[in-house]
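Listed here are the chains, written in short residue letters.
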Amino acid sequence: MLWSILSWLLAGLLLLAVLGIASLVLATLWIAAKAERLVPPVGKFIEVDGNRIHYVDQGEGLPIVFLHGLGAQLHHFRHTLFGRLGADYRLIALDRPGAGYSVRASGATGRLPEQAEVVRRFIEALRLEKPLVVGHSLGGAIALTLAVEHPEAISGIALLAPLTHMEAGGREKFGSLYIPSRLWRWIMSYTVAIPTSLRYARPTMEFIFAPQVLPGDYMVGGGGWLGLRPAHFYAMSSDVVAIERDLGRIEKRYGEIAMPAGILFGDADRVTTFHTQGAPMRSRIEGLDFELVEGMGHMPQFVAPERIVAFIERVANRAFAGRASPPAHDNFTEPSG
């Protein structure tokens, strides 16, 4: 009799667990579908070494490639800067592999040299002649890796609040994003992660933007909704785990960078803090154009776009010195969708 009762109790608990997991999966898929409806693809797609890259390509002239940060996508530049930069530039922003609408190649790890190589091959595929690379946050670390390992591919780097150094407590800083197990990362991506992220989306973004105010159109115009999808969370967690495998080695080589370089940092940045990520760079790269902005947080392209445009154009003038604008490019690739 007792065994029968326990069996029914266990069966009931198992059923409740299955229903709970199923509800989380359905909620995840519903949120992801809403995100893709609100922020659909806006650009083109190109295959690069097994990665399907979504990108936007606007204008004619000297090429500038934009690399977004952790958990972000190309709207961080398209929405904020593309309408403000001069007509003499060809502006290309891509969703890094796994982010936005870009799909990471099977077996990819997200390590910095791997991502830098994908960017190099992307530049090659689009036949861009030594572009200036603008990198924000983690995109800054990838731009630095590109400058160290593939200097022949680019003409300069302009970095916004970049991740530059490993620091103590890095794992703890990323919290629940640090998931070393690929299986557990996948399980979390399709169950708990997205509903939880939606619940805390606003306070999380307010922290990232602080002390500036979160823009009212960030979730749609800035592409914020796209971070609320399981594939995006999986790639973001992969990036977090991969950072510590290479950044310490890359940072030892910053002194090798001889191309024009600039860094803009806010002294109120809570994400990549100035004292650990910005200040050490002042003496690491010869001729570095370093701009420190008082009271600025982690998202300068959203809150001070005109200042960022002036900074990028200043670095571009050095990077492209003596170069004339190239002829009009052939805008070929498959259509979006």
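One can find the structure itself at the top, above this paragraph.
Calculation rules
- Residues numbered from 1 in each chain as written.
- Predicted model: local features only at pLDDT ≥ 70, side-chain atom pairs only at ≥ 80, totals over all residues.
- Heavy atoms only, no water.
- Helix = DSSP H or I, 4+ residues; strand = E, 2+ residues; numbered from the N terminus.
- Buried < 20%, exposed > 50% of the residue type's maximum accessible area, 1.4 Å probe, protein only.
- Contact = heavy atoms within 4.5 Å.
- Core = buried A, V, L, I, M, F, W, Y, C linked by side-chain atoms within 4.5 Å.
- Expected span 1.5 Å × (residues − 1).
- Axes fitted to C-alpha atoms, helices over the stretch in contact; angles between N-to-C directions.
- Parallel < 35°, antiparallel > 145°, perpendicular 65-115°, else oblique.
- Left-handed = near helix turned anticlockwise from the far one by under 90°.
- Nonpolar A, V, L, I, M, F, W, Y, C, P; charged D, E, K, R; others polar.
- Phe/Tyr/Trp six-rings, centres within 6.5 Å; stacked < 30°, edge-to-face > 60°.
- Lys NZ or Arg CZ within 6 Å of the ring centre and 35° of its normal.
- Salt bridge = Lys/Arg side-chain N within 4 Å of Asp/Glu carboxyl O.

A.B. asks: When you look at the overall build of the protein chain in this model, what are you seeing that I'm missing?
C.D. replies: When you go through the protein chain residue by residue, the secondary structure sums to 12 helices and eight strands. The buried share of the protein chain, taken over its 337 residues, is 53%. In the protein chain, of all internal contacts separated by at least 6 residues, the share reaching a separation of at least 24 is 82%.

A.B. asks: Before we go on, may I ask you to explain the nonpolar core in this structure?
C.D. replies: Looking at soluble globular proteins, one finds that nonpolar side chains tend to be buried together. Counting residues in hydrophobic clusters, the biggest one holds 44 residues, and the most contacted among them are Phe122, Ile154, Ile157, Tyr254 and Ile257. Beyond its immediate stretch of four places on either side in the chain, Tyr254 contacts Leu144, Val148, Thr164, His165, Leu247, Met281, Arg284 and Ile285. One finds Ile64, Leu81, Leu132 and Ala319 within the second-largest nonpolar core, a separate group that totals 28 residues.

A.B. asks: Just to check I follow, could you spell out unusual backbone geometry for this structure?
C.D. replies: With the exception of glycine, the majority of residues adopt a negative phi angle, and the majority of peptide bonds are in the trans configuration. Each neighbour pair has its own omega, and for Ala210 with Pro211 the value is 5°, a cis peptide bond. Looking at where Pro211 falls in the secondary structure, it is placed in the loop between helix H8 (201-209) and helix H9 (230-251). Positive phi, normally seen in glycine, also occurs at Arg127, with a value near 55°. Within the element layout of this structure, Arg127 appears in the loop between helix H3 (112-125) and strand S5 (132-136). At Lys130, a position not held by glycine, the phi torsion is positive, near 40°. Within the secondary structure, Lys130 sits in the loop between H3 and S5.

A.B. asks: Explanation requested: H3 in the structure shown.
C.D. replies: Each full turn of the α-helix corresponds to 3.6 residues, which orients residues three or four apart in the same direction. If you check H3, its first and last C-alpha atoms are 20 Å apart, about what 14 residues at 1.5 Å a residue would give, namely 20 Å. Along H3, the residues that are buried comprise Leu112, Pro113, Gln115, Ala116, Val118, Val119, Arg120, Phe122 and Ile123. Looking at the buried positions of H3, the neighbouring elements they touch are strand S1 (44-48), strand S2 (51-58), strand S3 (62-67), strand S4 (89-94), helix H4 (138-149) and H9. Following H3 by one or two positions, Arg127 has its phi on the positive side, about 55°.

A.B. asks: Even after reading the chapter, I still don't get the environment of Asp289, so can you show me in this structure?
C.D. replies: Positionally, Asp289 belongs in strand S8 (residues 289-293). Relative accessible area serves as the criterion here: at 15%, Asp289 is assigned to the buried category. Each C-alpha atom of the pair Asp289 and Pro260 lies 8.2 Å from the other, and the pair is 29 residues apart in sequence. With sequence-adjacent residues up to four places away left out, Asp289 is seen in contact with Ala261, Gly262, Ile263, Phe311, Arg314, Val315 and Arg318.

A.B. asks: Explanation requested: the packing of H4 against H9 in the structure shown.
C.D. replies: When two helices pack together, their arrangement is given by the angle between the helix axes and by the axis-to-axis distance. Across the interface, H4 lies against H9 with an axial gap of 11 Å and an inter-helix angle of 40°. The angle between H4 and H9 falls in the class oblique. Here H4 runs over H9; the crossing is left-handed. Contacts between H4 and H9 involve Leu138, Ala141, Thr145 and Glu149 from the former and Asp239, Ile243, Leu247, Arg249 and Ile250 from the latter. A per-class count over the contact of H4 with H9 returns five nonpolar, one polar and three charged.

A.B. asks: Can you walk me through the packing of aromatic side chains in this structure?
C.D. replies: If you walk through the whole model with that rule in mind, you get nine aromatic pairs. Centroid distance Phe66 to Phe77: 5.0 Å. Interplanar angle 40°. Geometry classified as tilted. Linking Phe66 in strand S3 with Phe77 in helix H2 (residues 75-78), this pair joins segments that are 11 residues apart in sequence. As far as burial versus exposure is concerned, Phe66 and Phe77 are alike and both buried. Taking 5.4 Å as the distance between ring centres and 55° as the angle between the ring planes, the aromatic pair formed by Phe66 and Phe82 counts as tilted. On the criterion of sequence distance, the pair formed by Phe66 in strand S3 and Phe82 in the loop between H2 and S4 is long-range, its members being 16 residues apart. In terms of burial, Phe66 and Phe82 fall into one category: buried. Among the aromatic residues, ring-to-ring pairing joins Phe66, Phe77 and Phe82 into one connected group. The ring of Tyr234 carries Arg185 above its face, with NZ or CZ at 5.2 Å from the centroid. One cation-aromatic arrangement involves Arg229 over Tyr101; the distance from NZ or CZ to the ring centre is 5.1 Å.

A.B. asks: Looking at this structure, how should I read the pattern of salt bridges?
C.D. replies: Following the criterion strictly, the structure yields 17 salt bridges and no others. A salt bridge links Arg121 to Asp49; the nearest nitrogen and oxygen atoms lie 3.0 Å apart. Residue Arg121 is found in helix H3, and its partner Asp49 is found in the loop between S1 and S2; the two are separated by 72 residues along the sequence. With a relative accessible area of 23%, Arg121 lands in the partly exposed category. When its relative accessible area of 46% is taken as the criterion, Asp49 is described as partly exposed. Among the charged side chains, a salt-bridge network with shared partners connects Asp49, Glu117, Arg120, Arg121 and Glu124.

A.B. asks: Honestly, the environment of Lys130 in this entry has me stumped. Any pointers?
C.D. replies: The class for Lys130 is partly exposed, based on a relative accessible area of 35%. Between the C-alpha atoms of Lys130 and Arg120, which are 10 residues apart in sequence, the distance is 9.9 Å.

These figures come from the coordinates and say nothing about function on their own.
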